[in-house]
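Examining the three-dimensional arrangement
The primary structure of each chain is shown beneath.
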Amino acid sequence: MQNNSAKDDSDDVDIIPSEKNGTMHDTKADSGDIHRDEENQKSTIDPNLYLYDDDLATRPHISTFISSIANYENTIPAATDPDAKPAAPSARMGTLIGVFLPCIQNIFGVILFIRLTWVVGTAGAICGFLIVLTCCCVTMLTAISMSAIATNGVVPAGGSYFMISRSLGPEFGGAVGMLFYTGTTLAAAMYIVGAVEIVLTYMAPWASIFGDFTKDADAMYNNFRVYGTLLLIFMGLIVFVGVKFVNKFATVALACVILSIIAVYVGIFDNINGNEKLYMCVLGKRLLKDIPLENCTKDDSFLRDIYCPNNKCEEYYLNNNVTKVKGIKGLSSGVFYDNIFPSFLEKGQFISYGRNSVDIENVGGQSYNQIMADITTSFTLLIGIFFPSVTGIMAGSNRSGDLADAQKSIPIGTICAILTTSTVYLSSVMFFAGTVDNLLLRDKFGQSIGGKLVVANIAWPNQWVILIGSFLSTLGAGLQSLTGAPRLLQAIARDEIIPFLAPFAKSSSRGEPTRALLLTIVICQCGILLGNVDLLAPLLSMFFLMCYGFVNLACAVQTLLRTPNWRPRFKFYHWSLSLLGLTLCISVMIMTSWYFALIAMGMAIIIYKYIEYRGAEKEWGDGIRGMALTAARYSLLRLEEGPPHTKNWRPQILVLSKLNDNLLPKYRKIFSFATQLKAGKGLTICVSVIKGDHTKITNKAVDAKNTLRKYMTDEKVKGFCDVLVAQEIGEGLSSVIQTIGLGGMKPNTVIIGWPYSWRQEGRNSWKTFIQTVRTVAACHMALMVPKGINFYPESNHKIGGNIDIWWIVHDGGLLMLLPFLLKQHRTWRNCKLRIFTVAQIEDNSIQMKKDLKTFLYHLRIEADVEVVEMNNSDISAYTYERTLMMEQRNQMLRALGLNKKENSKVDSQNDEKRNSIDSDGPENLDAPENLSNKDESTEKADDNIKSSVKPDEFNVRRMHTAIKLNEVIVEKSQDAQLVIMNLPGPPREVRAERESNYMEFLEVLTEGLEKVLMVRGGGREVITIYS
């Protein structure tokens, strides 16, 4: 028996006549043995997957692919540093330890202890509540946006910088990263100045080196600068020498914060009726300082000596009495009603009850011992001062690499932490307003009660619990900032988006970012030189607000663009909430301090333009169209710079529509299917090819294009259409696939209809189809072949049921992405996804199913998973019979093709002989002998067919795969609304028999299925688990 692959179709120039014996000789006669040897070498392939053997070399089987990613590390590897030591494996933390508590520690800060009471007293209960609520709303809306971004794949450590840079690009990412770094560094300065303020003002005022700072504000700030610098050097050495100590101290600092807050709450209810510990001396309605209580009377000479120098008394002193007022009055006293309304003051005005100008204005220019406002206060300024108290919400996302389940822990932990801290802040506003006298609340440094911290004197059992706790917690927060900021700067430098930061990418021999730490200390020192928490707080608020604004912007942009990779597991977000958060951030920035806002915005713009700058010219035409053309040109040139990232991949669809004899699209529903895939928001181009001469059928081409456009309009396909006239349909399709598109907007996915009549029309039909498949593969484009397209649903219909994905080999994840995109359309929205994959003999089906579920979880795709175990059964008689029928058909076609070629040869010989007779003489007598060749050839072909009793083993194996897979697919998915499966690769050899067999295999594979979508990837990843 001859090997079937040894003969080829008559259209191929492989069969040549031999001059010596006058017979036909096949130059590929020995290729069958070579081919059989190659097949024997592939005997290790699972018999149930033999149809995909050509793909398995480059497209791994699902079990191999899944096992390779099952134990992935959810951090993107950073740039390698030869000097850095390998990091120890991190422990996997849960929501409480990994997110909630770190956020609590970072949110509760120094402002809570040293400024919240002053904010409440100055703004009043109502405005104070609104200030805190506004700040909490900013962080809550940002946390919702951040949760959406953080659950859109695996977020490596890097917090907001990583999320924004990967969502909005390197320009925005670099700008925000530097803003976040600057804000974190200035936060360290604020914590250090706050810690020094706690020690010098409330714990050890005797340590002042610039005299009595209670009488001179400049002396106080100079003390803060000197001691702050010393503390910065000490803390910098700790960070440089022992990061382990910083991490361990964080636990102590967290415990101090929690215990301090508990002590305050217990103290508020313990002092519900007030206490007799704190009394203030009040002259008229003005608050006095540095007055011993025993001297707080007009009868005492102490006050007279102050207000009556040279026996000439100050007028306000003469007209008002001196009284002692209880500072802590308790919730039962009704003092809350005195603290409802705001008491904003200009700098230099006296702190007093009410808004009477006689009481608050300093007419004489002498302050004596009366407490004055050291800054001009307003609602917006207090927002800026308080806002640092609600920052720190990124602590959870910064630790995403250490979390067991970041997509679950980050949203729950962060939002719960914000709710907890917001509850504490809002309740504290009410409790402070209902417990403490208005004058004492507005005494920023506690000068009226002997330099004591107001919050500390509310707490139970005594003030030292708060003083020590607040100092240690503030110190811990400063250490955390000094530890995190250099690492953030190093991450930005390693991304190489800001060239001048390159030196800071290097680590020390111990793996520490020493250079970045030194720069951080320098910037932090600049903040300390400001010497005032009230100046530092609004400044660093600008940087955090810019950062949070960009997080909201990133979420809004991703949601509105609806990119295929935007599939957050966190569902409680909306673009309107993100835009509201962005608006709040910008509004608070401008309201708080417009000049600080300009500094932050200017810094962001400079960094953005520095990263973006490529020397591109900018052209602005006249009118909107000119602007659109310029924007389109600019965008196309930007897209041309390189292939899109996996996250930005979306199907740019090229629909190849076959026309009938009336130049109408043969399959109308192929346009509906393209529309239903447009959740990817990509480009759609519909093209048809007409056979002929363009110069002769130009009008037909124009009519066909108009018809094509009408069909696209009817099916609501947004895109472009065109018609190509070519001498051969196959060549025309090849030209379209290779040249269609412009720059970065070239199609990457081709949709082509299935040639249903390939058996009847002969080779021309399936030759064009397979040639198109090969061209698409050579161009590295994805391919979709809908079979049963007439049964596909209309775009205005809604269907329910299952979309079944049969994932045999991994070819870039296109099989995962397509059903997700289909479900975004209302036609398929109610369908459920079911993913089936085939386990090989050596596979652990249980582990494979578990790994596949994990993979889908990180892809944010909800689907049922089933692993099908196919037994390695013997090849059935039906398989042999089906293969034999296929081969006999091929032999018959080859015989008919051979006869056709021989007939044409005989006809040409007869013409030559007839011409010879006419010119040279009598008729040639050999003609009858040649005419008998047809009958002999036909008889020989019939004998060959009859003698073929055993099919080729190569074909049997593939037919076995097709039949076995078809049986399983029909059993599981016969009632599915759509079955999506891998399209096996076409045969590598361009042989008629191999190509015909390939078509037969596909028919067998899809038998009994009404709607099938065969998919073949373009050789690149189109879906990712990363954010």
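Residues numbered from 1 in each chain as written. Predicted model: local features only at pLDDT ≥ 70, side-chain atom pairs only at ≥ 80, totals over all residues. Heavy atoms only, no water.

- Quoted verbatim from the Catalytic activity (unreviewed entry) field of UniProt, the annotation for the protein chain is "K(+)(in) + chloride(in) = K(+)(out) + chloride(out)".
- What UniProt records for the protein chain under Subcellular location (unreviewed entry) is the sentence "Cell membrane". (UniProt positions renumbered as here; feature names shortened; annotations may be inferred.)

1. Thoughts on the overall build of the protein chain
- Along its length, the protein chain carries 35 helices and 15 strands.
- Each of the 1027 residues in the protein chain was classed as buried or not, and the buried ones make up 56%.
- For the protein chain, the accessible area works out to roughly 45500 Å², and carbon and sulfur atoms hold 57% of it. (Helix = DSSP H or I, 4+ residues; strand = E, 2+ residues; numbered from the N terminus. Buried < 20%, exposed > 50% of the residue type's maximum accessible area, 1.4 Å probe, protein only. Areas by Shrake-Rupley, 256 points an atom, 1.4 Å probe, with all protein chains shown as cover.)

2. Considerations on the packing of aromatic side chains
- A complete count under the given rule lists 23 aromatic pairs for this structure.
- The interplanar angle of 55 degrees and the centroid separation of 5.6 Å between the aromatic rings of Phe500 and Tyr610 together place this pair among those described as tilted. Taken together, the positions of Phe500 in the loop between helix 18 (463-494) and helix 19 (514-530) and Tyr610 in helix 22 (residues 594-612) put the pair 110 residues apart, joining distant regions of the chain.
- For Tyr610, a relative accessible area of 38% corresponds to the partly exposed category.
- Among the aromatic residues, ring-to-ring pairing joins Phe180, Phe387, Phe544 and Tyr548 into one connected group. (Phe/Tyr/Trp six-rings, centres within 6.5 Å; stacked < 30°, edge-to-face > 60°.)

3. Structural notes on the state of the cysteines
- If you walk through the whole model with that rule in mind, you get two disulfides.
- Two residues share a disulfide in this structure: Cys281 and Cys296, whose sulfurs sit 2.1 Å from each other. Sign of the S-S torsion, about 95 degrees for the bond between Cys281 and Cys296, identifies this disulfide as right-handed. Pair noted here: Cys281 is in strand 3 (residues 279-283) and Cys296 is in the loop between strand 4 (286-287) and helix 10 (301-307), with a separation of 15 residues, a long-range link.
- Overall, the relative accessible area of 5% leaves Cys296 in the buried class.
- Each sulfur in the disulfide pair Cys308 and Cys313 lies 1.8 Å from the other. Here the S-S torsion is close to 105 degrees, and the disulfide linking Cys308 with Cys313 is therefore right-handed. (Disulfide = S-S within 2.5 Å.)

4. Here's the deal with a positive patch on the surface
- A contiguous patch of positive charge, built from Arg562, Lys716, Lys798, Arg826 and Arg829, is present on the exposed surface.
- Structurally, Arg829 is set in the loop between helix 29 (814-823) and strand 12 (830-839).
- Overall, the relative accessible area of 47% leaves Arg829 in the partly exposed class. (Patch = residues over 30% accessible without salt bridge, like charges linked within 9 Å, V, L, I, M, F, W, Y side chains within 5 Å. Salt bridge = Lys/Arg side-chain N within 4 Å of Asp/Glu carboxyl O. Lys, Arg positive; Asp, Glu negative; His and termini not counted. Charge placed at Lys NZ, Arg CZ, Asp CG, Glu CD.)

5. Section: the nonpolar core
- Within the largest apolar cluster, 167 residues are counted, with the highest numbers of intra-cluster contacts made by Met190, Phe386, Tyr425, Phe432, Ile466 and Tyr548.
- Within the second largest apolar cluster, 61 residues are counted, among which are Phe671, Ala704, Val717 and Trp828. (Core = buried A, V, L, I, M, F, W, Y, C linked by side-chain atoms within 4.5 Å.)

6. Let's talk about the packing of helix 5 (residues 116-150) against helix 15 (residues 406-435)
- Between helix 5 and helix 15, the least distance of the axes is 9 Å, while the angle of their chain directions is 175 degrees. Classified by the angle between their axes, helix 5 and helix 15 sit roughly antiparallel to one another.
- Here the contact of helix 5 with helix 15 is composed, by residue class, of 22 nonpolar, eight polar and no charged. (Axes fitted to C-alpha atoms, helices over the stretch in contact; angles between N-to-C directions. Parallel < 35°, antiparallel > 145°, perpendicular 65-115°, else oblique. Nonpolar A, V, L, I, M, F, W, Y, C, P; charged D, E, K, R; others polar.)

7. Structural notes on the side chain of Lys1011
- Mapped onto the secondary structure, Lys1011 falls in the loop between helix 35 (992-1005) and strand 15 (1012-1016).
- A polar side-chain atom of Lys1011 sits 3.0 Å from a polar atom in the side chain of Gln977.
- Excluding anything up to four places from it in sequence, Lys1011 contacts Lys787, Gly788, Phe791, Tyr792, Gln977, Leu978 and Val979. (Polar contact = N/O pair within 3.5 Å; in protein donor to acceptor, adjacent residues only side chain to side chain. Contact = heavy atoms within 4.5 Å.)

8. A look at helix 18
- Helix length check: helix 18, at 32 residues, gives a terminal C-alpha distance of 47 Å against a target of 46 Å (1.5 Å per residue), a fit within 8%.
- By the N-cap criterion, in which a side-chain oxygen at the helix start approaches the backbone nitrogen of a residue two or three places on, helix 18 is capped by Asn462, the distance to Trp464 being 3.0 Å.
- Just beyond helix 18, the residue with positive phi is Glu496, at close to 60 degrees. (Expected span 1.5 Å × (residues − 1).)

9. As for the pattern of salt bridges
- Evaluated as defined, the whole model comprises 15 salt bridges.
- One salt bridge in this structure joins Asp714 and Lys710, with 3.1 Å as the shortest N-O distance. Linking Asp714 with Lys710, this pair stays in helix 25 (residues 698-714), spanning four residues, or about one helical turn.
- The closest approach of N and O atoms between Arg774 and Glu995, which form a salt bridge, is 2.8 Å. Taken as a pair, Arg774 in helix 28 (residues 763-778) and Glu995 in helix 35 lie far apart in primary sequence, 221 residues in all.
- Overall, the relative accessible area of 22% leaves Arg774 in the partly exposed class.
- For Glu995, a relative accessible area of 2% gives the class buried.
- Because the salt bridges share partners, they merge into one network encompassing Arg115, Glu197, Asp374, Lys444 and Asp534.

10. Things to note about the pairing of strand 11 (residues 800-807)
- Both strand 11 and strand 12 contribute to a ladder of eight bridges, which runs parallel. From the neighbouring strand, Asn802 faces strand 12, where its bridge partner is Lys832.
- Since strand 11 and strand 12 lie parallel, the crossover through helix 29 that links them has a hand, and here it is right-handed.
- In terms of strand pairing, strand 11 meets strand 14 (residues 978-982) through four bridges, oriented parallel. If you follow Ile805 over to strand 14, its bridge partner there is Ile980. (Pairing = 2+ DSSP bridges. Right-handed = clockwise from strand over helix to strand, strands pointing away.)

11. Topic: helix 26 (residues 729-739)
- Among the residues of helix 26, those classed as buried are Gly730, Gly732, Leu733, Ser734, Val736 and Ile737.
- A positive backbone phi angle near 95 degrees is found at Gly741, which sits one or two residues after helix 26.

12. Describing the sheet that holds strand 9 (residues 749-752)
- Taken in spatial order, the 10 strands line up as 8-7-6-9-10-15-14-11-12-13 in an open sheet, and their pairing is mixed. A strand with exactly one partner marks an edge of an open sheet, and here the two such strands are strand 8 (720-726) and strand 13 (864-869). Each neighbouring strand pair of the sheet contributes to a mean axis angle of 20 degrees, computed without reference to strand direction.
- On the sheet, helix 24 (residues 669-676) packs against strand 6 (653-656), strand 7 (684-691), strand 9, strand 10 (782-787) and strand 15 and is oriented at approximately 175 degrees with respect to strand 6.

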